[in-house]
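Given next are the chains, with one letter for each unit.
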Amino acid sequence: MEPGGRTPLHEHPVPTYVYVLEGEVELQSHGGQPHQYKAGEAYIEALNHPHQLFNKGNVPAKVLVVFAGEEGKPTTVAAK
């Protein structure tokens, strides 16, 4: 994710694990406080809860996302 970049507002209907490989990101969840994560840190996203990931830093950020889903079913959906 380039500096200033962000994901669309979305949610996950399956368990989702995120590990920050490079840089730093900010997770903003609907109704919650923003949380910053830097390289080497990880978190699990809430199920079916709207959120966005932002790169507010000056260098690109890279994250590894692991979904524990079922084949043929979506892992990410647009937030309602």
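The present account deals with the structure reproduced in this document. (Residues numbered from 1 in each chain as written. Predicted model: local features only at pLDDT ≥ 70, side-chain atom pairs only at ≥ 80, totals over all residues. Heavy atoms only, no water.)

This paragraph deals with the packing of aromatic side chains. Counting across every chain of the model gives 1 aromatic pair. Pairing Tyr37 with Tyr43 gives two aromatic rings, centres 4.2 Å apart and planes at 25°, and the pair type is stacked. No difference in accessibility class separates Tyr37 from Tyr43, as the two residues are buried. Positioned above the aromatic ring of Phe54 is the side chain of Lys56, whose terminal nitrogen or guanidinium carbon lies 5.7 Å from the ring centre. (Phe/Tyr/Trp six-rings, centres within 6.5 Å; stacked < 30°, edge-to-face > 60°. Buried < 20%, exposed > 50% of the residue type's maximum accessible area, 1.4 Å probe, protein only. Lys NZ or Arg CZ within 6 Å of the ring centre and 35° of its normal.)

So, on to the side chain of Gln52. For Gln52, the position within the fold is in strand β6 (residues 51-54). Assessed through its relative accessible area of 17%, Gln52 is described here as buried. At 2.9 Å, the side chain of Gln52 forms a polar contact with the backbone oxygen of Thr7. When residues no more than four places from it in sequence are discounted, the contact partners of Gln52 are Arg6, Thr7, Pro8, Leu9, Glu26, Leu27 and Gln28. (Helix = DSSP H or I, 4+ residues; strand = E, 2+ residues; numbered from the N terminus. Polar contact = N/O pair within 3.5 Å; in protein donor to acceptor, adjacent residues only side chain to side chain. Contact = heavy atoms within 4.5 Å.)

What follows concerns the pairing of β6. Along any regular strand, the residues point their side chains to alternate faces of the sheet. Burial along β6 is two-sided: His51 and Leu53 facing one way and Gln52 and Phe54 facing the other are all buried. Taken together, the 4 bridges between strand β3 (residues 24-29) and β6 define a ladder with antiparallel strand orientation. When the bridges of β6 are listed, Gln28 appears paired with Gln52. (Pairing = 2+ DSSP bridges.)

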